[in-house]
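Per-entry structural report
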Amino acid sequence: MACKTPELNYMFVDNTTDVPEALAEINRHSLLAVHCKGFKLGSRRSGELTLITVATQTKSFIFDVLTLGQCVFDDGLGAILEDKTKEKLMFNCRRDADNLFHQQKVQLTGVLDLQLLEFMFSKREVPKSEEKSRRSSRTGEVQLLKGFRQCIEMYVKDEVIIEVRLRCQRQVLGDSHVWKTRPLSENLKKYCCVDASALFTLYINLQQDGKDHSRLVIASDRYVDTFRCLPDITQGLCVFNPFLPLDIIPEAGDSFEFPEASTKCIGCLRLFPADEFPKAQLRNKQRFCRVCAEVKSIFSKAFGIDLITQGKTRFVQAKPRR
Ligand SMILES: [Zn+2]
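Scoring rules and cut-offs
- Residues numbered from 1 in each chain as written.
- Predicted model: local features only at pLDDT ≥ 70, side-chain atom pairs only at ≥ 80, totals over all residues.
- Axes fitted to C-alpha atoms, helices over the stretch in contact; angles between N-to-C directions.
- Helix = DSSP H or I, 4+ residues; strand = E, 2+ residues; numbered from the N terminus.
- Parallel < 35°, antiparallel > 145°, perpendicular 65-115°, else oblique.
- Left-handed = near helix turned anticlockwise from the far one by under 90°.
- Contact = placed C-beta atoms within 7 Å.
- Pairing = 2+ DSSP bridges.
- Nonpolar A, V, L, I, M, F, W, Y, C, P; charged D, E, K, R; others polar.
- Core = buried A, V, L, I, M, F, W, Y, C linked by C-beta atoms within 7 Å.
- Buried ≥ 20, exposed ≤ 12 C-beta atoms within 10 Å, placed from the backbone.
- Domains from an automatic or database assignment.
- pLDDT = per-residue confidence, 0-100.

1. Focus on the packing of helix α5 (residues 114–122) against helix α9 (residues 213–224)
Taken N-terminus to C-terminus, the directions of α5 and α9 make an angle of 135 degrees; their axes are 9 Å apart at the nearest point. Between α5 and α9, the angle falls in the class oblique. Two packed elements cross with a definite hand, and for α5 against α9 that hand is right-handed. Contact residues: L116, L117 and M120 in α5; R215, L216, A219, S220 and Y223 in α9.

Quick look at the structure:
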């Protein structure tokens, strides 16, 4: 494997006096990569975002949010993250967008989500037999997303990135406090740096002459809002699952429109056209979209418990308010 990362060029910003220099350099670029780390960010809003890496194609800036506090966002980083003219490469932006909004009051925009780009790039097929059937029957459209590590291994193939990530893997996976402990080791700083660098390589390798750029922008705009528009996040299997949510990526074509949606799934609480649900579910008001139905089915088979209908996912669809 060729080494495509000649240097691990980063600046660790944990002093307010260094913030203006870092932001000035970031502001000279219109394409950035953004990656967040934190403490127990995975499933609950009570988790803590402790680091945010914002990278240009030549240098990563790792902002120590734990040390700098909210002022780093108020002093300019927030404006960059909210500036839609600055395109931000991210991978599965949903959780980071949720945390940035509900903890730092930053409404992330301008995202190009590479988890979605990978899905578009790989052109996963839907069974032909399903094409004309009712939405609720087209279960082949429920498809798995690929994870970040898998995409790095498949599309980035950079030995420096893989080696740095491998070196920290046990620590990162085994210690929930790893991104909250200070001082942060050089290895962990490099880990943040390579994760951001990998986004640029991933983007370059997944682009197909930029022809799907508009679709990616629209899809990422919907994706970024998926979690943060919920007023609360509990242990929602309908929220945290490895499937692509329905009606996120528009069909290829001129209009990029989504079908009119006014019927709510009681799992993920997203709105869908009525034919997303079997007729019996429409009658008894126990409506689960195809993704939630799949998650529910897998969970029930694995644990013999129907968590979702026990009322443990309580979400209300709402737009974020500033
Ligand atoms: Zn649903």
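That covers the picture; the talk isn't over yet.
2. Quick look at the sheet that holds strand β6 (residues 111–113)
The sheet built from 6 strands is open, its strands ordered β1-β4-β3-β2-β5-β6 with mixed pairing. Looking at the sheet topology across the chains shown, the edges are occupied by β1 (10–13) and β6. Pairwise comparison of adjacent strand axes, ignoring direction, gives a mean angle of 25 degrees for this sheet. Note that strand β5 (residues 87–90) and β6 share 3 bridges and pair parallel. What sits directly across from M90, in β6, is D113. Of the strands in this sheet, β1, β2 (31–39), β3 (48–55) and β4 (60–64) are in contact with helix α1 (residues 19–27), which crosses β1 at around 140 degrees. The strands touched by α5 are β5 and β6; relative to β6, the strand with the most contacts, the crossing angle is about 45 degrees.

3. Here we look at the environment of N241
Along the polypeptide, N241 turns up in the loop between α9 and β7 (263–264). Residues N241 and C292 lie 51 residues apart in sequence; the distance between their C-alpha atoms is 9.1 Å.

4. Description of the packing of helix α7 (residues 159–174) against helix α8 (residues 186–206)
At a minimum axis separation of 9 Å, α7 and α8 run at an interaxial angle of 130 degrees. If you check the angle between α7 and α8, you find them oblique. For the crossing formed where α7 meets α8, the hand is left-handed. Contacts between α7 and α8 involve V160, I161, V164, R165, R167, C168 and V172 from the first element and N187, L188, K190, Y191, V194, S197 and A198 from the second. A class-by-class count of the residues in the contact of α7 with α8 yields 9 nonpolar, 2 polar and 3 charged.

5. Remarks on the nonpolar core
Side chains of nonpolar character tend, in soluble globular proteins, to be buried together. F63, L89, L114, L199, C289 and C292 are the most contacted members of the largest nonpolar core, which totals 77 residues. The element contributing the most residues to this core is α8, with 11 residues. Per-domain counts for this core show at least three residues from each of domain 1 (10–229) and domain 2 (258–322).

6. Quick notes on the environment of M11
Locating M11 in the fold gives a position in strand β1. Under the C-beta neighbour-count criterion, M11 is labelled partly exposed, with 15 such atoms within 10 Å. Placed 48 residues apart in sequence, M11 and K59 show a C-alpha to C-alpha distance of 7.6 Å. Contact partners of M11, with chain neighbours within four places excluded, come to A22, K59 and F61.

7. A short note on the pairing of β3
The buried count for β3 comes to 7 of 8 residues, which makes it a mostly enclosed element. Pairing of β3 with β4, which is carried by 5 bridges, proceeds in the antiparallel orientation. When the bridges of β4 are listed, V54 appears paired with F61.

8. Re the pairing of β2
Both faces of the sheet carry side chains from a regular strand, because those side chains alternate between them. Across the 9 residues that make up β2, a large majority, 7, are buried. In terms of strand pairing, β2 meets β5 through 3 bridges, oriented parallel. What sits directly across from L32, in β5, is K88. Where β2 lies against β3, 7 bridges are found, and the strand directions are antiparallel. For V34, the partnering residue across the bridge sits in β3 and is V54.

9. Brief notes about the confidence of the model for the protein chain
Overall, the predicted model of the protein chain reaches an average pLDDT of 88, with 89% of residues at or above 70. Low pLDDT, under 50, characterises residues 310–322; the predicted model gives this stretch 29 contacts beyond four residues in sequence or across chains.

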